[in-house]
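Now for the letters of each chain:
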Amino acid sequence: MGEKLFTAKEAAEILKVRKNTVYDMIKRGDLKASKLGKQLRIRQEDLDFYIQYGSQAKVVNSMQTGQSSNIDKVEFEKNTSKLH
């Protein structure tokens, strides 16, 4: 089948925060989510990435294309490895 998708409530349970906190994280761009119809869904990969990197894993919003995507994960890992 496909990849695992979580609701905001399920993501909140995993992160041990309130559902509204998950919505705030999505609004700030700390956690990537997709809209399916009227519902938000969070991919397992994006949730794992947030768990690993926290709010440093901002979603980059492109004003030119109107699309959003995670920062390049390979580049991010190279840059953060220099800090340790």
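The structure reproduced in this document is the subject of the present report.

Across the sheet, 3 strands lie side by side as β1-β3-β2; this open sheet has antiparallel pairing. Either end of the sheet is taken by a strand with one partner, and the two such strands are β1 (5–6) and β2 (34–36). As paired strands, β1 and strand β3 (residues 39–43) are joined by 2 bridges and run antiparallel to one another. Bridge pairing in β3 places Leu5 opposite Arg43.

Turning to the packing of helix α1 (residues 8–15) against helix α2 (residues 19–28), a few remarks are in order. Following both chains from N to C, one finds α1 and α2 inclined at 100°, their axes separated by 8 Å at the closest point. Relative to α2, α1 is oriented roughly perpendicular. On the side of α1, the interface is formed by Ala8, Lys9, Ala11, Ala12 and Leu15, while α2 contributes Lys19, Val22, Tyr23 and Met25. Residues belonging to the contact of α1 with α2 are distributed by class as follows: 7 nonpolar, no polar and 2 charged.

Below, the discussion takes up the environment of Ala12. Its location among the elements puts Ala12 in helix α1. The spatial distance from the C-alpha of Ala12 to the C-alpha of Val22 is 6.0 Å, given a sequence separation of 10 residues. Contact partners of Ala12, with chain neighbours within four places excluded, come to Val17, Arg18, Lys19 and Val22.

Formed by Phe6, Ala8, Ala11, Ala12, Leu15, Val22, Met25, Ile26, Leu31, Ile42, Leu47 and Tyr50, the largest nonpolar core amounts to 12 residues. Put simply, the parts of the chain that give this core at least two residues each are α1, α2 and α3 (44–53). Counting residues per element, this core draws most heavily on α1, which supplies 4 residues.

Conventions we followed
- Residues numbered from 1 in each chain as written.
- Predicted model: local features only at pLDDT ≥ 70, side-chain atom pairs only at ≥ 80, totals over all residues.
- Heavy atoms only, no water.
- Pairing = 2+ DSSP bridges.
- Helix = DSSP H or I, 4+ residues; strand = E, 2+ residues; numbered from the N terminus.
- Axes fitted to C-alpha atoms, helices over the stretch in contact; angles between N-to-C directions.
- Parallel < 35°, antiparallel > 145°, perpendicular 65-115°, else oblique.
- Contact = heavy atoms within 4.5 Å.
- Nonpolar A, V, L, I, M, F, W, Y, C, P; charged D, E, K, R; others polar.
- Core = buried A, V, L, I, M, F, W, Y, C linked by side-chain atoms within 4.5 Å.
- Buried < 20%, exposed > 50% of the residue type's maximum accessible area, 1.4 Å probe, protein only.

Scope: geometric values only; no functional claims are made or implied.
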